[in-house]
Every structure is written in C-alpha cells, then in structure tokens.
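Summary of structural features
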Amino acid sequence: MDRRAFFARSFALGCSAAASPFVTPVTFASAPGDGRLVVIILRGAMDGLDVVRPLGDPHFAALRPSLNGTQAEDLDGFFALNSALSSLMPLWRSGELAFAHAVSTPYRDKRSHFDGQDFLENGGAATDGALTATGDGWLNRLLAQLPEAEAETAFAIGRENLLLLSGDAPATSWSPEATLSLSPQAQLLLEKVYAQDPLFRDAATQAMALSDLVTDPMAPGWAGRAKALAEFAAGRLKEETRIAAFSIGGWDTHANQARTLPRALGELSDAILTLRKELGPVWGQTAVLCLTEFGRTVRENGSKGTDHGTAGAELFAGGAVRGGQVIGRWPGLGPGDLFEDRDLMPTRDVRAHAAWALRALFPVGNPVLAGDVFPGLDLGSDPKLMA
C-alpha cells in the first residue's frame with residue numbers, strides 16, 4: 001500500500017480535517033455581522049435527566065437507583081452536572097455555559113429516532129412529526145431571510161446531508177469520491193505501519209475516526225471524531241463563515257448508561273473546548289446550541305439504561321451566551337407530574353430558545369422567526385439566554 005498516495009486527497013483538502021467526515025456532516029454558511037452560530041445535533045436522544053440532574057427534586061433518586069449514584073458537579077443547589085462534563089465547569093463559572101431543562105419539540109408519542117431527528121432539523125410544529133410543506137431545514141430558511149448572506153459559501157461536508165441546511169437557499173455539498181473501507185485486520189495493520197511516523201499516524205487515526213469505519217461509541221477509534229469536526233468548523237468560522245452545524249452520535253443509552261453516556265459526553269466536551277480554543281477571540285461572538293431529538297424516560301429500565309422519552313435538556317456554550325444558569329420551569333417528577341406517567345413533562349418548546357439565540361446573533365425579527373424559520377412557534381418571553 002502506498003501510504004502517501006492513500007492520504008494525498010485528504011491533505012489536499014486540508015490537514016486540519018485529515019480526512020472527510022464520511023458519515024457525520026459539517027454544514028457551513030456565511031451571514032452578515034460578527035455573530036457566529038454552531039448547531040450540534042446530538043443524535044440518539046440525550047438523557048437530559050442524567051446530564052443535568054435534578055438532585056433537588058425529592059423523587060429523582062428513587063426513580064433512578066443505579067444511575068443516581070455516579071458523581072456530579074453542583075450547579076445551583078438544585079441541578080448538578082454529570083461528572084463526564086466536569087471539564088466544562090470553568091465555562092459555567094465564567095458565564096460561558098448554560099442549560100435549558102424540560103424542553104422538547106412539538107413531536108409527541110411516537111418517539112422514533114429518525115422522525116424525531118428530521119423533525120428537529122425541519123423545525124415544524126406538527127405534533128405527529130410531519131415536516132413542513134417545504135420539507136426543508138430551519139437553518140436554510142434562516143439563510144433565505146438574510147439578504148447579505150453569501151449562498152456560495154454555504155456547503156455541507158459528508159455523504160449524509162443535514163436536513164438542517166437543506167432547502168431553497170443555495171448550498172454546496174461535498175463528499176468523497178470513494179469510501180475508506182478497511183477490515184478490522186487491515187485497520188490494525190495500518191495503525192502498526194504508521195506507528196513510527198507521526199505525520200501519517202495522526203492523519204490515519206483522525207481519518208478512521210471520521211469515517212464510517214468507526215460508528216460504535218465504545219470502539220477505540222471512535223474517540224476524537226467530534227474534536228476533529230470542531231477543529232474543521234473553527235477554521236472556517238474564523239474566516240467568512242458565520243454558521244456551522246454538525247452532529248455527534250452515541251446518545252441512545254438503552255443499556256449500561258453509566259458506562260456508555262460518559263463516552264458521548266466526553267466527545268461533546270472535547271468539541272466545545274476545541275471550538276473555544278481554536279476560535280480564540282471569535283469565541284466571544286459565538287453561540288453553540290446543542291440539541292437532541294427528544295429526552296428519555298424518567299425511570300431507568302431493567303438494563304440500567306433509559307428508553308425513548310419526551311422532554312429533555314439543551315446545552316448552550318460560547319462567549320455570546322449568558323451562562324451560569326439552568327433556565328426553564330421545572331415540572332417536577334412526582335405522581336401526576338410526568339408526561340404519560342413515564343417522561344419528563346415539557347414546559348417549553350426547544351425551538352423557542354433557538355429562535356431567541358438567532359434573534360440576538362442575526363438581523364431577524366420575531367415575525368420572521370415565528371413564521372418563516374419556525375412556523376407555528378410561540379416565542380414566549382425572552383429567556384435571557386444571550387449576553
């Protein structure tokens with residue numbers, strides 16, 4: 001195997017990426033102003049009750065006897081942060097990290113990952129998960145409302161196009177001409193061949209982490225995917241790009257959640273800290289919105305995991321965020337408080353927080369946000385999320 005020819009295409013595309021993210025897409029767009037927006041889709045339904053734990057709720061511990069025992073960082077005396085995100089606590093203390101709890105899209109009852117993710121990215125209002133008539137993404141509809149946006153600088157990287165930026169506003173997609181397909185034995189051989197060559201060893205590791213060779217969050221090569229995507233995004237955001245979006249998988253925690261969830265949280269933490277480091281002074285104008293299709297059940301299941309639920313949590317980071325707070329009305333976990341006696345009750349539309357963030361970052365008003373970008377949205381009062 002000619003290793004230099006093997007990675008020639010990757011280096012031509014930029015060593016910062018090492019290789020194309022074959023499965024996970026990254027989407028970019030330019031827009032007027034200095035504000036930067038990063039949207040991270042957390043695919044698989046993040047358990048907001050485990051990430052931002054309501055330890056102050058008297059019913060929480062009994063509902064999750066095995067999941068409640070792991071360590072957590074106190075946030076405000078009521079909520080505590082999963083210790084797998086402890087590296088983000090300096091951001092919390094500096095006012096660059098915030099959360100919203102008991103939030104969901106309007107999607108109800110069916111709890112399908114595929115429908116829920118499409119609905120989240122589409123931004124519609126139908127409770128059954130039906131997409132808007134145009135079937136496009138809410139970031140694409142935002143771009144259509146920004147007269148100074150440069151459509152030619154909006155592009156997606158990866159085979160799977162994010163619905164988030166799909167639509168009438170022109171965007172360019174790029175995907176590799178060929179897949180990187182190696183057997184586990186060939187992958188191991190490649191790692192050994194490159195072990196003594198720092199240049200190609202690092203490139204090979206990153207390439208395999210970004211490719212569809214590694215999709216299991218418990219696999220050794222899975223770690224580092226989100227960090228590489230964040231590095232790639234930051235490089236563009238420091239230039240003319242103003243909007244970036246990508247996804248992180250590994251959030252479907254039906255079993256052994258205490259073991260599997262920290263891996264996904266570690267990837268998310270790496271992505272956020274990488275954005276902060278690489279963006280430098282631009283971080284001060286940046287808002288990172290981390291959204292998931294729905295939450296998970298309040299009660300843990302027999303496999304020490306949780307099943308598909310309804311309301312969950314959002315995570316916000318960046319210098320443009322008013323951090324150090326968990327926003328939202330807490331519905332409680334007692335008898336009669338749960339949605340369908342199984343899920344955290346939604347008390348606010350997840351789209352509302354996204355809309356208020358867009359309003360602060362870009363020249364769009366409430367009628368556009370609640371009509372064109374998020375049809376049927378009740379914006380409600382300003383959650384004071386943005387600095």
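Residues numbered from 1 in each chain as written. Predicted model: local features only at pLDDT ≥ 70, side-chain atom pairs only at ≥ 80, totals over all residues. Heavy atoms only, no water.

**Structural notes on helix 6 (residues 113–122)**
Burial analysis of helix 6 places 7 of its 10 residues in the buried class, which makes it a mostly covered element. Turning to helix 6, its buried residues are His-113, Gly-116, Gln-117, Phe-119, Leu-120, Glu-121 and Asn-122. Considering only its buried residues, helix 6 is in contact with strand 2 (36–42), helix 7 (138–144), strand 10 (286–292) and helix 12 (350–361). Downstream of helix 6 by one or two residues, Gly-123 has phi in the positive range, about 80 degrees. (Buried < 20%, exposed > 50% of the residue type's maximum accessible area, 1.4 Å probe, protein only. Helix = DSSP H or I, 4+ residues; strand = E, 2+ residues; numbered from the N terminus. Contact = heavy atoms within 4.5 Å.)

**Some details on the confidence of the model for the chain**
Per-chain confidence: the chain averages 83 in pLDDT, with 76% of residues scoring 70 or above. Taken as a whole, residues 1–23 scores under 50 in pLDDT and shows 55 contacts with residues more than four places along the chain or in a different chain. This model gives residues 174–180 a pLDDT under 50, and the stretch forms 21 contacts once residues within four places in sequence are excluded. (pLDDT = per-residue confidence, 0-100.)

**Brief notes about the pattern of salt bridges**
All chains considered together, the criterion is met by 11 salt bridges. In this structure, Glu-340 engages Arg-111 in a salt bridge whose closest nitrogen and oxygen atoms are separated by 2.9 Å. Here Glu-340 is found in the loop between strand 12 (325–327) and strand 13 (348–349), whereas its partner Arg-111 is found in the loop between strand 6 (97–104) and helix 6, with 229 residues between them in sequence. Using a relative accessible area of 45% as the deciding quantity, one classes Glu-340 as partly exposed. Here the residues in one salt-bridge network are Arg-111, Glu-340, Arg-342 and Asp-343, joined through shared partners. (Salt bridge = Lys/Arg side-chain N within 4 Å of Asp/Glu carboxyl O.)

**Quick word on the packing of helix 10 (residues 225–237) against helix 11 (residues 257–279)**
Between helix 10 and helix 11, the shortest axis-to-axis distance is 8 Å and the interhelical angle comes to 25 degrees. Classified by the angle their axes make, helix 10 and helix 11 are roughly parallel. The chirality of how helix 10 crosses helix 11 is right-handed. In this structure, helix 10 contributes Arg-225, Ala-226, Lys-227, Ala-230, Glu-231, Ala-233, Ala-234 and Leu-237 to the contact, and helix 11 contributes Glu-267, Asp-270, Ala-271, Thr-274, Leu-275, Glu-278 and Leu-279. Looking at side-chain class alone, the contact of helix 10 with helix 11 contains 8 nonpolar, 1 polar and 6 charged residues. (Axes fitted to C-alpha atoms, helices over the stretch in contact; angles between N-to-C directions. Parallel < 35°, antiparallel > 145°, perpendicular 65-115°, else oblique. Left-handed = near helix turned anticlockwise from the far one by under 90°. Nonpolar A, V, L, I, M, F, W, Y, C, P; charged D, E, K, R; others polar.)

**Regarding the packing of aromatic side chains**
In total, this model carries 6 aromatic pairs according to the counting rule given. Taking the centre distance of 4.8 Å and the plane angle of 75 degrees together, the rings of Phe-78 and Phe-79 count as edge-to-face. Exposure remark for Phe-79: the relative accessible area of 8% places this residue in the buried category. Centroid distance Tyr-107 to Phe-119: 6.1 Å. Interplanar angle 50 degrees. Geometry classified as tilted. Highlighted residues: Tyr-107 in the loop between strand 6 and helix 6 and Phe-119 in helix 6, separated in sequence by 12 residues. A relative accessible area of 1% means that Phe-119 is categorised as buried. Linked through ring pairs, Phe-78, Phe-79 and Trp-330 together constitute an aromatic cluster. In this structure, Arg-108 is placed above the aromatic ring of Phe-339, and the distance from its NZ or CZ to the ring centre is 5.9 Å. (Phe/Tyr/Trp six-rings, centres within 6.5 Å; stacked < 30°, edge-to-face > 60°. Lys NZ or Arg CZ within 6 Å of the ring centre and 35° of its normal.)

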